[in-house]
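Residue strings, one per chain:
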Amino acid sequence: MNKRLREEDGNVESALVLIPLLLLFLMAIEVIVATNLRNADLSLAQADATVRAISGQFASSDQIIELDSPDPFAHMKVLISRRKDTLPQLVPGLLALLGGKAIVEVNGAAVVENLN
């Protein structure tokens, strides 16, 4: 009876299956979280650009592009806002192994309203 309790065959086999499965699950969750956070940051960057273009209050990191037009009354400007955020890492060292960075950088664009 004691010999039967001391055998570790089942535990080793379970660990050999569970560890890679757990790593695969964490990597899949990390990709899903990164995609959702990037989409949320993209929406926030677009909202920031829209609010700043309407209000006329620009941030120092904003870029304003003036569009040339032959019509003197059709002077238009486009505001580009940038947003940078870091991603959580569920699997430590995964991004370093793949050579990536845990940073999401997105842009928002809006036409600047003329305040006449």
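Above this note sits the structure.
Residues numbered from 1 in each chain as written. Predicted model: local features only at pLDDT ≥ 70, side-chain atom pairs only at ≥ 80, totals over all residues. Heavy atoms only, no water.

Asks: Sorry, what's going on with the side chain of D41 here?
Replies: By the secondary structure assignment, D41 is in helix α2 (residues 9–55). Residue D41 is classed as buried on the basis of its relative accessible area of 7%. At a separation of 3.4 Å, a polar atom in the side chain of D41 contacts the side chain of R83. Beyond its immediate stretch of four places on either side in the chain, D41 contacts R83, D85, V104 and V106. (Helix = DSSP H or I, 4+ residues; strand = E, 2+ residues; numbered from the N terminus. Buried < 20%, exposed > 50% of the residue type's maximum accessible area, 1.4 Å probe, protein only. Polar contact = N/O pair within 3.5 Å; in protein donor to acceptor, adjacent residues only side chain to side chain. Contact = heavy atoms within 4.5 Å.)

Asks: Explain the sheet that holds strand β1 (residues 63–67) here, please?
Replies: Across a sheet, paired strands are connected by hydrogen bonds in the backbone, their directions being either parallel or antiparallel. Pairing is antiparallel in the open sheet, where three strands are placed in the order β1-β2-β3. Single-partner strands in this sheet number two, and they are β1 and β3 (103–111). Pairwise comparison of adjacent strand axes, ignoring direction, gives a mean angle of 20° for this sheet. The sheet contact formed by strand β2 (residues 76–86) and β3 spans nine bridges and is antiparallel. (Pairing = 2+ DSSP bridges. Axes fitted to C-alpha atoms, helices over the stretch in contact; angles between N-to-C directions.)

Asks: Hey, could you run me through the side chain of D62 in this one?
Replies: Summarising the element assignment, D62 is placed in the loop between α2 and β1. Of the residues examined, D62 reaches a relative accessible area of 13% and is grouped as buried. One polar contact links D62 to R52, side chain to side chain, over a distance of 2.8 Å. Of note is the side chain of D62, whose polar atom sits 2.9 Å from the backbone nitrogen of A59. Among all residues touching D62, those that are not within four sequence positions of it are R52, L79, I80 and S81.

Asks: I'm lost on the pattern of salt bridges in this one. Help?
Replies: Should their charged atoms come close, side chains of opposite charge can pair. Here the structure, examined in full by the defined rule, presents three salt bridges. Here D41 ties to R83 by a salt bridge, and the two come within 3.4 Å at their closest N and O atoms. Taken together, the residues D41 in helix α2 and R83 in strand β2 connect sequence positions 42 residues apart. Judged by its relative accessible area of 28%, R83 is partly exposed. When salt bridges that share partners are traced, they join D41, D48 and R83 into one network. (Salt bridge = Lys/Arg side-chain N within 4 Å of Asp/Glu carboxyl O.)

Interpretation in functional terms is not warranted from these geometric data alone.
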